[in-house]
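# Survey of secondary and tertiary structure
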Amino acid sequence: MKKTSSSDKIAGIREIAEALGTSIGTVDRALHDRKGVSAKTRAQVLRMAEQLGYQPNIAARSLKLNRKMRIAAVLPREIACFFDPLRAGIRAAAEESLGLQVTLDFHEHPRLGSGDLEILEKVARSGYDGILLTPGRPRELAPMIRSMAEKDIVTICVASDAPDSERTASVTVDAYASGAVAAELLSLKLQHPSRVTTITGELAIHDHAEKLRGFASTLAILAPHLTLLPVVESHDSPEDAYRQTLALLKSKTRPDALYISTANSLPVFRALEEQKLLGKIQVIATDFFHELVPLLESGKVLATLYQRPYSQGKIAFETLLACLLAKDKPVKTQRLAPHIIFRSNLSLFMGRLEDVPVRKSR
């Protein structure tokens, strides 16, 4: 009997099937008491479902089999180490909506805040019942999202939010808490007066702004001996992140610690390594990918705040189905707690790197 390897996955039909070494169809028939499954197999499935903490997808179970739904996921291509696992979570949830006639289409734009409005305008005219999206600049997208709401299109924000846009619901990591955790870790690590700064994507993005707010507020309370330097906005561009980090490291006010609040950290590490400062400047990163493993193992990166993209994608799709069932479509905000990965608990998360293949970033 196989066991699931991921500490991040939410138990669903697929995970039960993998744990038992059987098919998804067999598990589905057993859970819903359909024909074609022996009493012994049904008992094994129900027992494993209980062990894994399986929660039935009420929306999928309740939908009529003859109802057709078209769902679009409008997501950035970059940064792949975050958005590819998020897509995998969406796909997994879609595959578990067995018996439903669901069409899921993915639409890509280059990066967060770049090209999303044009694609949303096209998708909104294409007859979709629901749309998953990661809003870049929410103020620019708000009129488009309101327009979709008027057309009764269920709109779920995932990975970042557009709170004043009349979106139906949102599923994100708790960005404020992520920034606060990073600040508290640095307040414990740096006991003497020091300079710290944040390298973010773009503060027009709700997720990035909330992380900075949590970071700055917590530093002010817990670490008055730490000076917060002006934030660096890299716009999730590898070129900008490298160039701006290099300039920061060569400046007279070189920081003693960095909080990289996006997954766009590889160019930052490259600049640190070139200046022979990797391991000398305290670094807290965001998310989890292969290149980060040796840096955590060696202690050159103190910790990373894993935003659980697979879980975000899976929950977002399930939330969308639930909203399609609800007549009044109540707004629901779900904020996941970030996972803190240190050298000491690194092994617990290695399975995530094996489960979801990630395209190389350009």
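Above this text is the structure in question.
Residues numbered from 1 in each chain as written. Predicted model: local features only at pLDDT ≥ 70, side-chain atom pairs only at ≥ 80, totals over all residues. Heavy atoms only, no water.

### Details of the overall build of the protein chain
Within the protein chain one finds 14 helices and 13 strands. Accessible surface computed for the protein chain: about 16,500 Å², of which carbon and sulfur atoms make up 50%. (Helix = DSSP H or I, 4+ residues; strand = E, 2+ residues; numbered from the N terminus. Areas by Shrake-Rupley, 256 points an atom, 1.4 Å probe, with all protein chains shown as cover.)

### Side note on the side chain of Thr245
Within the element layout of this structure, Thr245 appears in helix H10 (residues 238-250). Not counting residues within four places of it along the chain, the set of residues in contact with Thr245 comprises Ile199, Val268 and Ala271. (Contact = heavy atoms within 4.5 Å.)

### Some words on the sheet that holds strand S4 (residues 154-158)
The six strands are arranged S2-S1-S3-S4-S5-S12 in an open sheet whose pairing can be described as parallel. A single partner strand is all that each edge strand has here, and the edge strands are strand S2 (101-111) and strand S12 (332-336). Taking each pair of neighbouring strands and ignoring which way they run, the sheet shows an average axis angle of 15°. The pairing of strand S5 (residues 169-173) with S12 spans five bridges and is parallel. By the bridge assignment, Val173 is partnered in S12 with Leu336. (Pairing = 2+ DSSP bridges. Axes fitted to C-alpha atoms, helices over the stretch in contact; angles between N-to-C directions.)

### Topic: the side chain of Ser187
Inspection of the secondary structure puts Ser187 in helix H8 (residues 175-189). A distance of 2.6 Å separates a polar side-chain atom of Ser187 from the backbone oxygen of Glu184. Apart from the residues within four sequence positions on either side, Ser187 is in contact with Leu222, Ala223, His225 and Leu226. (Polar contact = N/O pair within 3.5 Å; in protein donor to acceptor, adjacent residues only side chain to side chain.)

### A few points about a positive patch on the surface
Taken together, the side chains of Arg195, Arg254, Lys276 and Lys280 make up a positively charged region of the molecular surface. For Arg195, the location among the structural elements is in strand S6 (residues 194-200). Residue Arg195 is classed as partly exposed on the basis of its relative accessible area, which comes to 30%. (Patch = residues over 30% accessible without salt bridge, like charges linked within 9 Å, V, L, I, M, F, W, Y side chains within 5 Å. Salt bridge = Lys/Arg side-chain N within 4 Å of Asp/Glu carboxyl O. Lys, Arg positive; Asp, Glu negative; His and termini not counted. Charge placed at Lys NZ, Arg CZ, Asp CG, Glu CD. Buried < 20%, exposed > 50% of the residue type's maximum accessible area, 1.4 Å probe, protein only.)

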